[in-house]
Amino acid sequence: MATAADHYDSLLAEHYTWMLGEDIEEAAAAQADLFRELGLAVPAQERAAAVDLGCGPGPQTLALASLGFAPVTAVDTSARLLEELTELALRSGHTQAVRAVHQDIRGALPRLASPGSLAAVACMGDTLPHLPSSRDVQVLITDVAKALHPGGSFVATYRDLTHELRGPQRFIPVRSTGDRILTCFLDYQDKDTVLVHDLVHTRQVDGWELRTSSYPKLRLSPRWLTDQCRAAGLDVRRHAAGSRGMYVLHAVKQ
């Protein structure tokens, strides 16, 4: 079975920006609006470092940079998506603020940030359930709490997969255009894991071509994640379902 990183390298990274609507600047503006709504701000003349874990092509990285966070260290396992982010940072004038790092997000924070040095950590786009185990999520949240300074923010978005879908409900249309169709199929393995199958149809000269890949995803409940944040010393300020079925978690270092 492929890991999430393998899945992106072999299939999804090629289509990820398209999946987000193809306009990363627009997605970054929406993320910036969310961060403002949550109260993330950089006081005038202050340095506020941030880390974006699982940055992809960088909508939240660019959002943080646009709000004045710097440096913003963007971490991802996909070299292709990091290249897209680097090009977007150049185009948007944020090259000096953005630092792209190609590595696993597990264990990244202790290597990239000293304790108490960060104003914000983002982990968006369903990245938390991509981790191999719930223990990895616990460790990551503990690392976040150590890296944040008092008053620093942790923001994550993810899907609650704890409620099992049945029958045709397991087929989820993600996006379709004239030349591409992405459909997701969920196969519930056990109480902790769902196997995600992505089916990508692309239009070729002689017809449609189908490529598929599968990877396991964690079934993380909002209550469990709240408990992990509190155990790590983070005060949960918001934890509720947001747009497109994604939960928004905002916690602040006490």
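Residues numbered from 1 in each chain as written. Predicted model: local features only at pLDDT ≥ 70, side-chain atom pairs only at ≥ 80, totals over all residues. Heavy atoms only, no water.

Caption draft 1: A look at the sheet that holds strand β7 (residues 180–188). The sheet built from four strands is open, its strands ordered β6-β7-β8-β9 with antiparallel pairing. Single-partner strands in this sheet number two, and they are β6 (171–177) and β9 (207–218). Each adjacent strand pair in this sheet contributes to an overall mean axis angle of 15°, direction not counted. Where β7 meets strand β8 (residues 193–204), nine bridges bridge the pair, whose relative direction is antiparallel. In the sheet register, I181 faces β8, and the bridge partner there is H201. Against the sheet, helix α1 (residues 4–19) touches β6, β7, β8 and β9, its axis set at about 120° to β9. (Pairing = 2+ DSSP bridges. Helix = DSSP H or I, 4+ residues; strand = E, 2+ residues; numbered from the N terminus. Axes fitted to C-alpha atoms, helices over the stretch in contact; angles between N-to-C directions. Contact = heavy atoms within 4.5 Å.)

Caption draft 2: A look at the pairing of strand β2 (residues 72–76). Burial of β2 is extensive: five of the five residues sit out of reach of the surface. The alternating pattern of β2 places V72, A74 and D76 and T73 and V75 on opposite faces, both of which are buried. As judged from the four bridges shared by strand β1 (residues 49–53) and β2, these two strands associate in the parallel manner. Bridge assignment links L53 to a residue of β2, and that residue is V75. With respect to chirality, the unit in which β1 leads through helix α3 (residues 59–66) into the neighbouring parallel β2 is right-handed. Where β2 lies against strand β3 (residues 98–102), five bridges are found, and the strand directions are parallel. Residue V75 lies in a different strand from β3, and its bridge partner there is V101. At this point the chain moves from β2, through helix α4 (residues 79–92), to the parallel β3, and the crossover so formed is right-handed. (Buried < 20%, exposed > 50% of the residue type's maximum accessible area, 1.4 Å probe, protein only. Right-handed = clockwise from strand over helix to strand, strands pointing away.)

Caption draft 3: The arrangement of helix α6 (residues 134–147) in detail. Here α6 spans 20 Å end to end across 14 residues, near enough to the 20 Å set by a 1.5 Å rise per residue. Among the residues of α6, those classed as buried are D136, V137, L140, I141, D143, V144, A145 and A147. (Expected span 1.5 Å × (residues − 1).)

Caption draft 4: Quick look at the side chain of R219. Position of R219 relative to the elements: it lies in the loop between β9 and α7 (222–231). Buried and unpaired, R219 has E164 as its nearest opposite-charge partner, separated by 4.7 Å. (Lys, Arg positive; Asp, Glu negative; His and termini not counted. Salt bridge = Lys/Arg side-chain N within 4 Å of Asp/Glu carboxyl O.)

Caption draft 5: Main features of the pairing of β8. Hairpin connection between β7 and β8: a loop of four residues separates the two successive antiparallel strands. By the bridge criterion, twelve bridges tie β8 to β9 in an arrangement that is antiparallel. Following the sheet pairing, V194 is matched in β9 by K217.

Caption draft 6: Inspection of the sheet that holds strand β10 (residues 234–241) at higher detail. Here we have seven strands laid out as an open sheet, ordered β3-β2-β1-β4-β5-β11-β10, and mixed in their pairing. Strands at the two margins of the open sheet, each flanked by one partner only, are β3 and β10. Within this sheet the neighbouring strands show an average axis-to-axis angle of 15°, counted without direction. Here five bridges tie strand β4 (residues 118–123) to strand β5 (residues 148–158), and the two strands are oriented parallel to one another. Bridge pairing links A120 to S153 in β5. On the sheet, α6 packs against β1, β4, β5, β10 and β11 (247–253) and is oriented at approximately 145° with respect to β5.

Caption draft 7: Inspection of the packing of helix α2 (residues 24–37) against α3 at higher detail. α3 packs onto α2 with a crossing angle of 60° between their chain directions and a minimal axis gap of 8 Å. By the angle between their directions, the pair α2 and α3 is classed as oblique. Here α2 runs over α3; the crossing is right-handed. Only P59, Q60, L62, A63, L64 and S66 of α3 make contact with α2, whose side of the interface consists of I24, A27, A28, Q31, A32 and F35. Considering only residue class, the contact of α2 with α3 consists of nine nonpolar, three polar and no charged. (Parallel < 35°, antiparallel > 145°, perpendicular 65-115°, else oblique. Left-handed = near helix turned anticlockwise from the far one by under 90°. Nonpolar A, V, L, I, M, F, W, Y, C, P; charged D, E, K, R; others polar.)

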